[in-house]
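Each chain, letter by letter, is given below.
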Amino acid sequence: MKLPHYAAATVIVAFVLAGAVLAQSSAETIAEATFNDDGSVNVPTDYRRWVFIGSPLTPNALNDGEAPFPEFHNVYVEPSAYDYFAETGEWANGTQIAKELVMIREGDNCTEDDGACFEVSGNGYFQGEFVGLELTVKDTERFSSEPGGWVYYSFGHDGEPYAETAQAFPAESCNACHESNADTDFVFTQFYPVLRAVQGN
């Protein structure tokens with residue numbers, strides 16, 4: 001039995017409204033970063049329990065000995081922000097993405113030419129020690145003057161313990177690269193199959 005046109009329209013409107021309510025409800029429950037009076041952000045807690053989305057690597061040995069980012073980048077998305085992205089395909093205000101830098105493992109079984117090491121699984125690159133922690137935060141209200149509302153922080157590149165607070169990098173240090181090269185709202189989703197798998201669901 002076919003629905004009358006007005007009934008079909010009512011059903012469509014109901015679905016649209018339900019989706020809007022769901023997105024709004026999810027956005028209201030995003031676990032946000034905490035800030036101090038001087039504008040600094042506090043180091044996130046339990047970020048290694050967040051959703052792990054990947055670990056890109058661009059080693060020195062494959063970049064003429066001077067890669068801009070020669071470490072493994074272990075990237076974690078705060079769970080409520082991940083859930084919102086999975087539901088909507090968008091990054092909510094309050095989104096936190098942590099990036100922990102890990103050096104390539106070195107040892108007697110590693111070659112100098114390419115930096116690769118031979119282990120039981122074969123020849124390759126393996127993680128060594130933690131060397132730094134960074135945080136990305138999106139908030140178009142708090143950071144209305146920043147491109148996309150995104151800001152970027154570093155809690156140090158000297159290993160643990162990391163600094164307890166950090167000030168934002170200038171926009172030209174990070175935003176421009178993300179804006180020009182990232183696939184989805186300043187985030188490099190093209191490098192993370194975990195994000196691509198849920199994008200647009």
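Scroll up for the structure.
Below or above, wherever it landed, is the structure these notes cover.

**Brief notes about the state of the cysteines**
Moving on, step 1. Scanning all chains against the criterion turns up 1 disulfide.
Moving on, step 2. Across a sulfur-sulfur distance of 1.9 Å, C110 and C117 are joined as a disulfide pair. Since a negative S-S torsion denotes a left-handed disulfide, the C110-C117 link at about 95° is right-handed. Here C110 matches C117 in class, with each residue buried.
Moving on, step 3. With no disulfide of its own, C174 has C177 as its nearest cysteine by sulfur position, at a separation of 8.3 Å.
Moving on, step 4. Judged by its relative accessible area of 17%, C174 falls in the buried class.
Moving on, step 5. When its relative accessible area of 43% is taken as the criterion, C177 is described as partly exposed.

**Some remarks on the pattern of salt bridges**
Moving on, step 1. Tallied over the full model, the rule gives 5 salt bridges.
Moving on, step 2. The closest approach of N and O atoms between E134 and K99, which form a salt bridge, is 3.1 Å. With E134 in strand β7 (residues 127-138) and K99 in strand β4 (residues 96-104), this pair connects stretches of sequence that are 35 residues apart.
Moving on, step 3. Of the residues examined, K99 reaches a relative accessible area of 22% and is grouped as partly exposed.
Moving on, step 4. Close ionic contact of R105 with E119 constitutes a salt bridge, the shortest N to O distance being 3.2 Å. Placement of the pair is R105 in the loop between β4 and β5 (117-119) and E119 in strand β5, with a sequence separation of 14 residues.
Moving on, step 5. Given a relative accessible area of 38%, R105 falls into the partly exposed group.
Moving on, step 6. For E119, a relative accessible area of 17% corresponds to the buried category.
Moving on, step 7. One network of salt bridges, with partners in common, ties together R48, E100 and E160.

**Describing the pairing of β4**
Moving on, step 1. Counting buried positions along β4 gives 7 out of 9 residues, so the element sits mostly inside the fold.
Moving on, step 2. Bridge count between strand β3 (residues 72-77) and β4: 6 bridges; the pairing is antiparallel. What sits directly across from V75, in β4, is K99.
Moving on, step 3. Across 8 bridges, the pairing between β4 and β7 is antiparallel. Counted as the bridge partner of K99 is E134 from β7.

**Notes on the sheet that holds strand β8 (residues 150-154)**
What links the strands of a sheet is backbone hydrogen bonding, and the strands pair in either a parallel or an antiparallel sense.
Moving on, step 1. Read from one edge of the open sheet, 5 strands run β2-β3-β4-β7-β8, paired in antiparallel fashion. Among the strands making up the open sheet, the edge pair consists of β2 (51-54) and β8. Neighbour to neighbour, the strand axes of the sheet diverge by 30° on average, direction disregarded.
Moving on, step 2. Most of the contacts of helix α2 (residues 79-88) go to β3, to which it runs at about 80°, and overall it touches β2, β3 and β4.

Cut-offs and rules
- Position numbers for residues start from 1 in each chain and track the written sequence from start to end.
- For a predicted model such as this one, the threshold for reporting local features is a pLDDT of at least 70, and the threshold for listing and counting side-chain atom pairs is 80 or more; totals across whole chains, interfaces and linings nevertheless cover every residue.
- Processing note: side-chain calculations cover all non-hydrogen atoms of the structure and skip hydrogens and water entirely.
- Note on disulfides: each one is a pair of cysteine sulfur atoms within 2.5 Å.
- A 1.4 Å probe rolled over the protein chains alone gives each residue an accessible area, and that area as a share of the maximum for its type sets the label: buried under 20%, exposed over 50%, partly exposed in between.
- What counts as a salt bridge is simple: a side-chain nitrogen of Lys or Arg found within 4 Å of a carboxyl oxygen of Asp or Glu.
- Segments assigned H or I by DSSP are reported as helices when at least four residues long, segments assigned E as strands when at least two residues long, and all are numbered from the N terminus.
- Note on pairing: two strands pair once DSSP finds at least 2 bridges between them.
- Think of each axis as a best-fit line through the C-alpha atoms, taken over the contacting stretch in the case of a helix, with angles from 0 to 180 degrees between the N-to-C directions.
- Here, residues are in contact when the closest pair of their heavy atoms is within 4.5 Å.

Read these as layout, nothing more, since geometry by itself doesn't imply function.
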